[in-house]
Structures are given as C-alpha cells and as structure tokens.
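So the chains spell out like this:
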Amino acid sequence: MDGNGRWASRHGLPRAVGHERGVEALRRTVRAAQKLDLEYLTVYSFSTENWRRPVSEVSALFSLLKTFVNQDLARLKREGVRISVFGTRSGLPDDIAILLDKAVEQTRENTRFELGIAFNYGGREEVVRAIRLLSEDVKAGRIDPENINEHLLSERLDTSRFPDPDLVIRTGEEHRLSNFLIWQSAYAELLFMDVLWPEFGEAELQRAIETFSSRERRFGGLKSGAA
Ligand code: FPP
C-alpha cells in the first residue's frame, strides 16, 4: 500500500493525512475484493523496516491501526471476514499487540473472506522464525534434517493457512517487493501500478485482476501447446 506520503505532499497535506486516506482505500479495497469474490487478501501495513521512520509517523500509523480495528472490527466480523495477522509481536506496544490478538480472536470462526494484515512484518524475519521452529523440532528429535522440505518450512510461516499469493500488487511507482511475502511470492505474478495507494479502489483492483488474467502462468513448465 505504497504512496500515502507522496499523495499527501502532492496535495500539500501532512503525511499523516495520506495514511488516513490510505485506511479509506483499504476499506474500499476489502469491500471490492469481497464483491469480486476473491477469497484471500493480504495487505502490507507496517514493515519491520518502518521503525526507521520518525517516532511521530510510527505512532500515527499505530493509532490508525487502533482506529481501524475499533471502527471496523464489528462490521468485518458480521460480514464473515476472518482476520489473520502476519509478523512479529516483538517490539510492538502492548495495546497494539492486544488489539491485533482481539481482531484475530473475534473473527476466528469466520469463513467467507480471509484478510491478512502484515503488521511489524518482514519476509526474511518470518523465514528466520520458521527456521528457528524447525530447528527446535530437529533438536527434540521430531524431525530428521534429511526430511526438511519446502512444505515443512511453509507450515511454520505466519501465513501457513493461506495459499501462496497468485498476484502481488504494489502501488506507488516503486518496482520492488520490499521484503513482502518473499518466500510465498516465488511464483506470484507481480504488478506494479502507478497509482498512489490513497487513490486505489474497486476500479484499480478490477484492472489489476484483468491484467493478471491476461498473463500466462507456467510455474517453470512450458507454454501450453509448446510440447
Ligand atoms: C506506504 O506509504 C504506506 C505505509 C508505510 C503504511 C500503510 C498503512 C496504511 C494504509 C494504514 C495502516 C492501516 C491499518 C489498518 C493497518 P509511504 O508512507 O511509504 O508513502 P511514500 O512512499 O509516498 O512516502
């Protein structure tokens, strides 16, 4: 969800306002994803690298998360949305960690739509934690190192209940993954859109899906009909 800051400065507004508009774009996008019958959507809300931003901006992002959960949780719950949170709780203020747990807990029984919120998330950090879990199994004799495979690692990632993403969309004119779902995106289609996140909504999501549908996915195989 990149481009909040640039959107704000292009409109002569403080960066925090860009993030507020970003939350509105998030609401629109979750609604659009449900309408388009998508099953899973993961949003990158706060990366482990975002701690490098000024304290005032970090606390503005935390308070936006609070507002979002406080204002939207009851509705999301009613709509059948199950929330999962990806990332580490380490370093997060207690009230934020408690709020994230509440969002996960209160929507646990829902099955209509899966919303992943990557918060205090970094792909490499997630893989390291999964390796640590595997190492504990090895140390306890539950797993033979010879038997370690991709599946055993995937099972230990925060995203274990989610399928690998088919499509990764980055808004905001940059062309990189910035540590987002790096293991899971090995075969994802990548789409970099020039639109800034606060401008994103149903039309943009629809456009992204149309682009995705026109691509041919081979997963390392041959073009269909080429053999
Ligand atoms: C990137 O824009 C965006 C973020 C670092 C935060 C994204 C967060 C939200 C949309 C709101 C958080 C809400 C919830 C509910 C978790 P940027 O600031 O890097 O933009 P720039 O590159 O233009 O400066």
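Since this is a predicted model, take the numbers as computed values, not measurements.

Caption draft 1: Representation of the site of the ligand in the model. Taken together, 18 residues form the shell around the ligand, and within it Asp2, Gly5, Arg6, Arg15 and Arg53 come nearest. Asn4 places a main-chain nitrogen or oxygen 3.2 Å from an oxygen atom of the ligand. Backbone polar atom of Arg6 to an oxygen atom of the ligand: 2.6 Å apart, as the coordinates give it. Bound to the protein, the ligand loses 92% of the 630 Å² it would expose on its own. When residues of the shell around the ligand are traced back to their parent elements, those giving at least two are α1 (4-10), α2 (15-35) and α3 (55-78). Top element by residues in the shell around the ligand is α2. It accounts for 5 residues. For the shell around the ligand, the per-class residue count stands at 7 nonpolar, 7 polar and 4 charged.

Caption draft 2: Inspection of the packing of α3 against helix α4 (residues 94-106) at higher detail. For the pair α3 and α4, interaxial distance at closest approach is 10 Å and the crossing angle is 15°. Considered as vectors, α3 and α4 are oriented roughly parallel to each other. Relative to α4, the crossing made by α3 is left-handed. Every residue of α4 that contacts α3 at Phe62, Leu65, Lys66, Val69, Asn70, Leu73 and Lys77 is listed here: Asp95, Ile96, Leu99, Leu100, Lys102, Ala103 and Gln106. Among the residues forming the contact of α3 with α4, the class breakdown is 8 nonpolar, 2 polar and 4 charged.

Cut-off values and rules
What you see as residue numbers is a count from 1 along each chain, following the sequence as written. With pLDDT at 70 or above as the cut-off, local features in this predicted model cover only qualifying residues; side-chain atom pairs require 80 or more to be listed or tallied, and sums for whole chains, interfaces and linings still use all residues. Based on all heavy atoms of the structure, the side-chain values leave hydrogens and waters out of the count. If a single non-hydrogen atom of a residue is within 4 Å of a molecule or strand, that residue counts as near it. What qualifies as a polar contact is a pair of N or O atoms within 3.5 Å, subject to a donor-acceptor requirement within protein and to the restriction that residues adjacent in sequence count only when both atoms come from side chains. Areas reported here follow the Shrake-Rupley algorithm with a probe of radius 1.4 Å; residue values treat only the protein chains shown as occluding. To qualify as a helix, a DSSP run of H or I must reach at least 4 residues; to qualify as a strand, a run of E must reach at least 2; elements of each kind are numbered from the N terminus. Side-chain classes are defined by residue name, with Ala, Val, Leu, Ile, Met, Phe, Trp, Tyr, Cys and Pro counting as nonpolar, Asp, Glu, Lys and Arg as charged, and the others, Gly among them, as polar. The angle between two axes is taken between their N-to-C directions and runs from 0 to 180 degrees, where each axis is a line fitted to C-alpha atoms and a helix contributes only its stretch in contact. Oblique is the label for any angle not covered by the other classes, which are roughly parallel (under 35 degrees), roughly antiparallel (over 145) and roughly perpendicular (65 to 115). Handedness of a crossing is defined here by the sense of rotation of the near helix relative to the far one, left-handed for an anticlockwise turn of less than a right angle and right-handed for a clockwise turn. Should any heavy atoms of two residues lie within 4.5 Å, those residues are counted as being in contact.

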